[in-house]
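The chain contents come next:
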Amino acid sequence: MDEQQQPPDVRDAQPQGDDAVRVWARANGYLVNDQGRIPAAIREAYAEKHPPAAV
């Protein structure tokens with residue numbers, strides 16, 4: 001890999017998908033497992049605080 005194609009720094013990466021929901025849930029006092037299904041109530045709470053971006 002040359003200098004122009006360095007991979008992004010892992011510390012700069014933001015969690016995505018289920019990982020983002022889990023990080024948010026823990027930061028807001030929800031108990032959520034590291035793996036497996038995320039309860040609908042937690043997904044709904046996350047969705048209320050993170051509406052989809054307007055295109």
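So, a few notes on the structure that sits alongside this text. Everything numeric in this text was worked out from a predicted model, so none of it was measured. (Residues numbered from 1 in each chain as written. Predicted model: local features only at pLDDT ≥ 70, side-chain atom pairs only at ≥ 80, totals over all residues. Heavy atoms only, no water.)

Once that is clear, we can look at the environment of Ile38. For Ile38, the position within the fold is in the loop between helix H1 (18-27) and helix H2 (40-49). A C-alpha to C-alpha distance of 7.9 Å links Ile38 and Arg22, two positions 16 residues apart in sequence. Among residues more than four places away in sequence, those in contact with Ile38 are Asp18, Val21, Arg22, Val32 and Arg43. (Helix = DSSP H or I, 4+ residues; strand = E, 2+ residues; numbered from the N terminus. Contact = heavy atoms within 4.5 Å.)

The next thing to look at is the side chain of Arg22. Mapped onto the elements of the fold, Arg22 is located in helix H1. It turns out Arg22 is buried and unbridged, and the closest side chain with the opposite charge, Asp18, is 4.3 Å from it. In contact with Arg22, other than residues within four places in its own chain, are Val32, Asn33, Asp34, Gln35, Gly36 and Ile38. (Buried < 20%, exposed > 50% of the residue type's maximum accessible area, 1.4 Å probe, protein only. Lys, Arg positive; Asp, Glu negative; His and termini not counted. Salt bridge = Lys/Arg side-chain N within 4 Å of Asp/Glu carboxyl O.)

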